[in-house]
Amino acid sequence: RQAAYAALRDVVPVSADGKRITVMINAGLRDDVANLGLTGADGIGLFRTEFQFLVSATLPARERQTRLYREVMEQAGNKPVMFRTVDIGGDKTLPYLRHNDGDDEENPAMGWRALRVALERDGLLKVQARALLEAAAGRTLNVMFPMVSEPWEFDAARAVFDSQLEFLRSRRKRVPEAIRYGVMLEVPALAEQLDVLAPKIQFLSIGTNDLTQFLFAADRANPKLAERYDWLSPAILRFIRRIVRNLEGQAVDVTVCGEMGGRQLEALALIGLGIERLSITPASVGPLKAMIGKCDVSAIREAMEGWLAAPPENLRQVLTSWATERGI
Ligand code: PEP
Ligand code: MG
């Protein structure tokens, strides 16, 4: 079994009809970076920086943040790392950061979290921006913002980075060679303003964990609702297809980084929607690469087109048979 795992490590994810799919991993701690080498993944498509905050008893000092980000980039070598700025609040509360003046939120997932906290407590984002910019000196920095609902939120976060960059330059400090900015698409409203957002960003990552809970108004943490919707439902698939289409021809890399992409059938469906970049849990990389090798991208795209034009009653069942018939 280990031998099979090692063999998959060196497999390049190219489909049966020659399409190269980018397969990256999700990570959050220094130790996770080793999974890059173990899986042969193309990079870290989502580095959840809040993990460092969650495992710490106090707000991590700037130097500590810088050290972590630098070590992660060094260990990743020439593979890209997409750093996501802190996504705290919601269900990820920090004892050392007061939330809403002590008031409990009734709907924390839709509450004061992620970039909403970072923009208001802008000291938090300033420190993180400085740490990321310093850590990426001489390299390319990829940074993305979580829970963006409207383009102005991106602008505000970007402005914090710009002013920190200006500060470093004025001190004649080394800065990144290039900075690529991105957003997480987790809030459905943002999908309606992609025309405004697209010229400002270089990449966009669809966070299907939050996106689906908001699309279906179904708490992702509530086990009673786990069966309420299917990732292979026409609503989700059409929604993602629309994002892909709206960004076609724009210089924006589109990745799916939620758990959905780590499941075989769901990944096949995403590829059928035109997704060419996935960032998933490391254990799923090998099986996904094997699946991609057996998959004919143009065939699944055509099939998906038909299914979404006139959705069958049970898309999961239809997709399962389609895949089985083709030995996928
Ligand atoms: C997501 O929402 O899909 C996502 C990848 O972010 P997180 O799971 O950290 O909320
Ligand atoms: Mg999320």
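Our structure's up above, just so we're on the same page.
Residues numbered from 1 in each chain as written. Chains lettered and ligands numbered in written order. Predicted model: local features only at pLDDT ≥ 70, side-chain atom pairs only at ≥ 80, totals over all residues.

*Asks:* Outline the site of ligand 1, listing residues and values.
*Replies:* Around ligand 1, the structure places L46, R48, D87, E186, G207, T208, N209, D210, C257 and G258. Among the elements of the structure, β2 (44-48) and α9 (208-215) are those that each provide at least two residues to the shell around ligand 1. Sort the elements by how many residues they give to the shell around ligand 1 and α9 lands first, with three residues. For the shell around ligand 1, the per-class residue count stands at two nonpolar, four polar and four charged. (Near = placed C-beta within 6 Å. Helix = DSSP H or I, 4+ residues; strand = E, 2+ residues; numbered from the N terminus. Nonpolar A, V, L, I, M, F, W, Y, C, P; charged D, E, K, R; others polar.)

*Asks:* Give a description of the packing of helix α11 (residues 264-272) against helix α12 (residues 285-294) that names residues and reports values.
*Replies:* Relative to each other, α11 and α12 sit at 50°, their axes nearing to 10 Å. The orientation of α11 relative to α12 falls into the category oblique. Of the two elements, α11 crosses α12, and the hand of that crossing is right-handed. Taken together, the residues of α12 that come into contact with α11 (itself represented by Q264, A267 and L268) are P287, L288 and M291. Taken together, the residues that form the contact of α11 with α12 break down as five nonpolar, one polar and no charged. (Axes fitted to C-alpha atoms, helices over the stretch in contact; angles between N-to-C directions. Parallel < 35°, antiparallel > 145°, perpendicular 65-115°, else oblique. Left-handed = near helix turned anticlockwise from the far one by under 90°. Contact = placed C-beta atoms within 7 Å.)

*Asks:* Lay out the pairing of strand β5 (residues 178-185) with the relevant residues and their values.
*Replies:* As judged from the six bridges shared by strand β4 (residues 140-145) and β5, these two strands associate in the parallel manner. Looking at the pairing, F145 lines up with V183 of β5. With respect to chirality, the unit in which β4 leads through helix α7 (residues 151-170) into the neighbouring parallel β5 is right-handed. The pairing of β5 with strand β6 (residues 203-206) spans four bridges and is parallel. Bridge assignment links V183 to a residue of β6, and that residue is L204. (Pairing = 2+ DSSP bridges. Right-handed = clockwise from strand over helix to strand, strands pointing away.)

*Asks:* So, the nonpolar core: which residues are in play, and what are the values?
*Replies:* Ranked by size, the top nonpolar core spans 83 residues in total, and within it L132, V183 and L278 carry the most contacts. With residues up to four places along the chain from it excluded, the contact list for L278 reads I21, V23, M24, T255, V256, G261, A267, L270 and L288. (Core = buried A, V, L, I, M, F, W, Y, C linked by C-beta atoms within 7 Å. Buried ≥ 20, exposed ≤ 12 C-beta atoms within 10 Å, placed from the backbone.)

*Asks:* Describe α9, and please don't skip the residues or the numbers.
*Replies:* For the α-helix, the turn length of 3.6 residues means that residues three or four positions removed from each other point alike. Among all positions of α9, only T208, D210, L211, T212 and Q213 are buried. Phi turns positive one or two residues past the end of α9, at A217, with a value near 50°.

*Asks:* Let's hear about α7: which residues, and what values?
*Replies:* Taking 1.5 Å per residue, 20 residues should reach 28 Å; α7 reaches 28 Å between its end C-alpha atoms and fits that length. Every buried residue belonging to α7 is among E153, F154, A157, V160, F161 and Q164, and all of these are buried. Buried residues along α7 cover an arc of 125° about the axis, so they all sit on one side. The outward face of α7, more than 90 degrees from its buried face, is lined by the exposed residues W152, D155, E166, R169 and S170. Elements that come into contact with the buried residues of α7 comprise α5 (115-120), α6 (122-135), β4, β5 and α8 (194-197). Of the residues one or two after α7, R172 is the one with positive phi, at around 60°. (Expected span 1.5 Å × (residues − 1). Arc of directions from axis to C-beta.)

*Asks:* Quick rundown of the packing of α11 against helix α14 (residues 315-325)? Include the residues and the values.
*Replies:* Packing of α11 against α14 brings their axes to within 11 Å, and their N-to-C directions diverge by 90°. Comparing their axes, α14 and α11 come out roughly perpendicular. Every residue of α14 that contacts α11 at L265, L268 and A269 is listed here: L319, T320 and A323. Of the residues that constitute the contact of α11 with α14, the class distribution is five nonpolar, one polar and no charged.

*Asks:* Run through the environment of F167, naming residues and quoting values.
*Replies:* With respect to the secondary-structure elements, F167 resides in helix α7. C-alpha separation for the pair F167 and R130, spaced 37 residues apart in sequence, amounts to 9.1 Å.

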